[in-house]
Amino acid sequence: MFVTATAMLPAVGSLCISRTPRGGPRFTMAVRSNVNVSVAPILTKLQKECAAPLPVLRNVADAMTADMRAGLVVDGGGELKMILSYVDALPTGNERGLFYALDLGGTNFRVLRVQLGGQEERVQATEFEQVSIPQELMRGTSEELFDFIATGLAKFSEKEAGKFHLPRGRQREIGFTFSFPVKQTSIDSGILIKWTKGFSVSGTPGKDVVACLNEAMERQGLDMRVSALVNDTVGTLAGARYWDEDVMVAVILGTGTNACYVEQMDAIPKLQGNKSPSGRTIINTEWGAFSKGLPLTEFDRDMDAASINPGEQIYEKTISGMYLGEIVRRVLLKMAEEGALFGNSVPEKLSMPFVLRTPHICAMQQDYSEDLQAVGSTLYDVAGVESSLKARKVVIEVCDTIVKRGGRLAGAGIVSILQKIDEDSNGAIFGKRTVVAMDGGLYENYTQYRRYVHEAVTELLGTEISKNVVIEHTKDGSGIGAALLASANSKFDHDY
Ligand code: ADP
Ligand code: MG
């Protein structure tokens, strides 16, 4: 939805009726000395700086492809870490047995069990539970966080019944999906490089996260074993590949963002000739760290400076769910302060970082009513803001500007990976059906964002080629994917 952008103030001393916090009508006088104050210049500047037309997207996609290549040559060669996943064998459909998965993502952790029945029966049963992670644990100690997770896992495993069965004497095995940057050292071990997405748990960076979980499980008296440590993108790719052999790339657009893809081992110089029988492996790009050529604004720079990881994860901070709402809030605050967007005073709550979340701006953009009723009530409920219709229209414009930039840049990232694979395979990717498995609450829920992602991919690839590229939403595929990888790396006999 596009509206023109002028929210002029009401004339001096105009009378308006607004709601009180308890809902009853209240009369307020908007007294202003300067009736010509307007948010229009701020909005115009914002739109100009956030614009991501085709040449900008092209530039971002090409720079990211070049950065991927640099990261494959040597660790630290580029901004993208291009981490080896040690997943060299993709799911085949032959997997059998009971496996668990544990997914530590951002806002939640999920536990899941799946009973796999081989080619014919495939997934016979699954069950999962989701637990939200208390804020204080996201900034607490490593032991506290992993104990909390192990306790949740223990409770979940106690409820195993019905279609789920484990042969006698066999230990339960877990695929551990851990969606933070890890330097993987084998399929079942990896060192945490750093926390992202608002986590800053002390004691974990530099440690093997599998050991952290194993120790916590021991403390809880829980007899389970992690047989695969996988990034959520890798789990998503594995889960989607189980059903569809054309899956080559997986992307997460949720609280944070990341992508992985199937790479030829010949194309990874830093492997120094170490090869698996398949000749292929999954590379976890950690693309959230990218920063080159992005259209950024003062609001992005201020948000970054105030973040717990300044200077890092700039692409993630521009395109992912944790940050979109916060960027919008910062713009609205400036508009309130300098353009009197919400009248005479600046709503106090609007100064609180992260008070406006991405689901809020999503809800506002889904408001197609004439008076933008839902925009008004969201602003009121979230930030205590009284808004005129004109102000609401400006708010929508701001949301759209930030979300359009995010979605389009995410599309450029997808194309950067596809064109990397295509260049290396002499056109074997764009000439046939190729599937990008997509997961994450942002992509799933935010219609406009999703549309901008698709538009950017189509613009960059052209209509003909983009017909071959299928972006497939695979909700929670990473859980089953991790369980499938646990099966592939089981220490027990596969056919029982
Ligand atoms: P995680 O990245 O923590 O694994 P998800 O993939 O479930 O989590 O995505 C959750 C994120 O998706 C939220 O942090 C939020 O940014 C975004 N999100 C969730 N619901 C909505 C919504 N209704 N509209 C827009 N974004 C949403
Ligand atoms: Mg996730």
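Everything below is about the structure shown above.
Residues numbered from 1 in each chain as written. Chains lettered and ligands numbered in written order. Predicted model: local features only at pLDDT ≥ 70, side-chain atom pairs only at ≥ 80, totals over all residues. Heavy atoms only, no water.

**Thoughts on the overall build of the protein chain**
Assigned secondary structure in the protein chain consists of 17 helices and 15 strands. The C-alpha atoms of the protein chain give a radius of gyration of 24 Å, which matches the 23 Å a tight globule of 496 residues would have. Referenced to the eigenvectors of the C-alpha coordinate spread, the extents of the protein chain come out at roughly 80 × 50 × 40 Å. Scored against the burial criterion, the 496 residues of the protein chain give a buried share of 57%. Considering only residue pairs separated by 6 or more positions, the protein chain has 72% of its internal contacts joining residues 24 or more positions apart. With the model as given, the accessible surface of the protein chain reaches about 20300 Å², and the carbon-plus-sulfur share is 52%. Considering the protein chain, the positive charge centre built from 52 side chains and the negative charge centre built from 60 side chains are found 3 Å apart. (Helix = DSSP H or I, 4+ residues; strand = E, 2+ residues; numbered from the N terminus. Rg over C-alpha atoms; globule rule 2.2 N^0.38 Å. Buried < 20%, exposed > 50% of the residue type's maximum accessible area, 1.4 Å probe, protein only. Contact = heavy atoms within 4.5 Å. Areas by Shrake-Rupley, 256 points an atom, 1.4 Å probe, with all protein chains shown as cover. Lys, Arg positive; Asp, Glu negative; His and termini not counted. Charge placed at Lys NZ, Arg CZ, Asp CG, Glu CD.)

**Structural notes on the sheet that holds strand E11 (residues 247-253)**
Strand order across the open sheet formed by six strands is E3-E13-E12-E11-E14-E15, with mixed pairing between neighbours. What marks the edges here is a single partner per strand, and that holds for strand E3 (83-84) and strand E15 (469-473). In this structure, strand E12 (residues 257-264) lies alongside strand E13 (residues 280-284), joined through five bridges in antiparallel fashion. Looking at E13, one finds that Val262 is bridged to Ile282. (Pairing = 2+ DSSP bridges.)

**What about empty space enclosed by the protein?**
As enumerated under the stated definition, the model contains four cavities of 30 Å³ or more in all. Lining the largest cavity we find 15 residues, and of these Ser179, Lys197, Thr257, Asn258 and Glu316 sit closest to its centre. Tallied by class, residues from the lining of the largest cavity come to three nonpolar, eight polar and four charged. Within this model, the second largest cavity holds a volume of roughly 80 Å³. Looking at the second largest cavity, the residues that line it are Ile83, Leu84, Ser85, Phe178, Phe180, Val182, Gln184, Leu229, Val230, Asn231, Val234 and Asn284. At the level of elements, E3, strand E8 (182-186) and strand E10 (224-230) are the ones that each hand at least two residues to the lining of the second largest cavity. (1 Å grid on protein atoms, 1.4 Å probe; cavity = no way out; pocket = protein on both sides within 12 Å on 5 of 7 lines; lining within 4 Å. Points joined across faces, edges and corners; volume = space filled by probe spheres on them. Nonpolar A, V, L, I, M, F, W, Y, C, P; charged D, E, K, R; others polar.)

**Some remarks on the packing of aromatic side chains**
If you walk through the whole model with that rule in mind, you get eleven aromatic pairs. Arranged with centres 5.4 Å apart and planes meeting at 20 degrees, the rings of Trp195 and Phe199 form a pair that is stacked. Feature note: the residues Phe176, Phe178, Phe180, Trp195 and Phe199 constitute an aromatic cluster, connected by ring pairs. In this structure, Lys197 packs its charged tip against the face of Phe180, placed 4.7 Å from the ring centre. (Phe/Tyr/Trp six-rings, centres within 6.5 Å; stacked < 30°, edge-to-face > 60°. Lys NZ or Arg CZ within 6 Å of the ring centre and 35° of its normal.)

**What about the site of ligand 1?**
Near ligand 1 you find 15 residues, and of these Gly106, Thr255, Gly321, Cys362 and Gly441 are the closest. Residue Thr255 places a side-chain N or O atom 2.9 Å away from an oxygen atom belonging to ligand 1. Within the side chain of Asn445, a nitrogen or oxygen atom sits 3.2 Å from a nitrogen atom of ligand 1. In isolation ligand 1 exposes 560 Å². Once the protein is present, 79% of that is buried. Looking at the shell around ligand 1, the elements with two or more residues in it are helix H10 (321-339), helix H11 (358-365) and helix H14 (441-445). (Near = heavy atom within 4 Å. Polar contact = N/O pair within 3.5 Å; in protein donor to acceptor, adjacent residues only side chain to side chain.)

**Considerations on the sheet that holds E10**
The five strands lie next to each other as E6-E5-E4-E7-E10, forming an open sheet whose pairing is mixed. Across the chains shown, the open sheet's two edge strands, defined by having one partner strand only, are strand E6 (123-132) and E10. Pairs of neighbouring strands in the sheet enclose a mean axial angle of 20 degrees, with direction left out of account. Pairing of strand E4 (residues 96-104) with strand E5 (residues 108-117) involves nine bridges; the strand directions are antiparallel. (Axes fitted to C-alpha atoms, helices over the stretch in contact; angles between N-to-C directions.)

**A word on helix H6 (residues 209-219)**
Among all positions of H6, only Val209, Val210, Cys212, Leu213, Ala216 and Met217 are buried. Each buried residue of H6 lies within a common arc of 160 degrees when the element is viewed along its axis, so the set occupies one face. Contacts made by the buried residues of H6 are with E4, helix H5 (142-158), strand E7 (172-178), E8, strand E9 (189-192) and E10. Of the residues flanking the start of H6, the one acting as N-cap is Asp208, its side-chain oxygen 2.9 Å from the backbone nitrogen of Val210. (Arc of directions from axis to C-beta.)

**A closer look at the packing of H10 against helix H13 (residues 389-424)**
The geometry of H10 relative to H13 is characterised by a closest axis approach of 10 Å and an angle of 140 degrees between their N-to-C directions. When the axes of H10 and H13 are compared, the pair comes out oblique. By crossing handedness, the relation of H10 to H13 is classed as right-handed. Contacts between H10 and H13 pair Leu324, Ile327, Val328, Val331, Leu332 and Met335 from the former with Val394, Val395, Val398, Cys399, Ile402, Val403 and Arg405 from the latter. Taken together, the residues that form the contact of H10 with H13 break down as twelve nonpolar, no polar and one charged. (Parallel < 35°, antiparallel > 145°, perpendicular 65-115°, else oblique. Left-handed = near helix turned anticlockwise from the far one by under 90°.)

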